[in-house]
Every structure is written in C-alpha cells, then in structure tokens.
Amino acid sequence: AAAAAAERGRKVGLLHQESLLRPLGKDRRIRPSVLEALHRHDIAYLCPSDEFDTARLVVAERSLWEGRESEYALRHGGEVEFGSGSAEPHQD
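Predicted, not measured: the structure shown is a model, and the values here were computed from it.

Student: Which parts of the structure should I look at to understand the overall build of the protein?
Tutor: The helix and strand inventory of the protein stands at 2 helices and 6 strands. For the protein, the α and β elements follow one another from N to C terminus as α-β-α-β-β-β-β-β. For the protein, long-range pairs separated by at least 24 residues make up 57% of all intrachain contacts whose partners lie at least 6 apart in sequence. Counting only carbon and sulfur atoms, one obtains 50% of the accessible surface of the protein, whose full area is about 6,900 Å².

Structure follows, in structure tokens:
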C-alpha cells in the first residue's frame, strides 16, 4: 500500500513498531523486500522519535496507537485509519 501511494505521487513514510500484544521475543529484521521498496519508491523510514507532520495516518494494529499516542513525535491533522493487523513477521 505504501509503494502504491508513493507511485501515485504521495510522500510516504513507514514506521516499524513491535506490537505489545504480540511480542516476538527476539530481534527481527525488516524484510529485504520492504527495504527494497523503501529505496525504490523513496519512502522515508521513520523512528518514533522523528518529528513529522502527516494529514493521513494508517496504523496496522490499534494497540500500536491507541493510548500510546504520546510515545510518538508525529503530529497529524486527519483521522487515524487502522489496518487489519494481519501482517506476519518475516522468519529470516
């Protein structure tokens, strides 16, 4: 979805955050295909402490945002959309 938005000319950023409801128990790397898409589509890779503004915020899982908003430095002016949260961690 991020790559498709970038292809439509949108400025896109991706922030990876582990779910507190489903801790992985060990450090996991981001999939190489995700890193390639970030590079290919000029998608910004963000950290929770990065200050940025956004008009649209899409969060994969509610537990990553609701009640935790103050943990992030972002400012947003629109509604927060929640995805399915069904993304499975990569095993490599």
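Student: Just checking my understanding: could you explain the pattern of salt bridges for this structure?
Tutor: A side chain of one charge can pair with a side chain of the opposite charge if their charged atoms are brought near each other. In total, this model carries 5 salt bridges according to the counting rule given. For Glu71, the salt bridge identified is with Arg68, shortest N-O distance 2.9 Å. The exposure class of Glu71 is partly exposed, given its relative accessible area of 44%.

Student: Where do I start with the environment of Cys47 in this structure?
Tutor: Relative to the assigned elements, Cys47 resides in the loop between strand E2 (44-46) and strand E3 (53-54). On the basis of relative accessibility, which here comes to 36%, the residue Cys47 falls in the partly exposed class. For the pair formed by Cys47 and Gly13, sequence separation is 34 residues and the distance between their alpha carbons is 9.9 Å.

Student: Honestly, unusual backbone geometry in this entry has me stumped. Any pointers?
Tutor: Working note: non-glycine residues mostly have negative phi, and peptide bonds are mostly trans. At Asp42, a position not held by glycine, the phi torsion is positive, near 55°. Position of Asp42 among the secondary structure elements: in the loop between helix H2 (32-40) and E2. Owing to a relative accessible area of 69%, Asp42 belongs among the exposed residues under this scheme.

Calculation rules
- Residues numbered from 1 in each chain as written.
- Predicted model: local features only at pLDDT ≥ 70, side-chain atom pairs only at ≥ 80, totals over all residues.
- Heavy atoms only, no water.
- Helix = DSSP H or I, 4+ residues; strand = E, 2+ residues; numbered from the N terminus.
- Contact = heavy atoms within 4.5 Å.
- Areas by Shrake-Rupley, 256 points an atom, 1.4 Å probe, with all protein chains shown as cover.
- Salt bridge = Lys/Arg side-chain N within 4 Å of Asp/Glu carboxyl O.
- Buried < 20%, exposed > 50% of the residue type's maximum accessible area, 1.4 Å probe, protein only.

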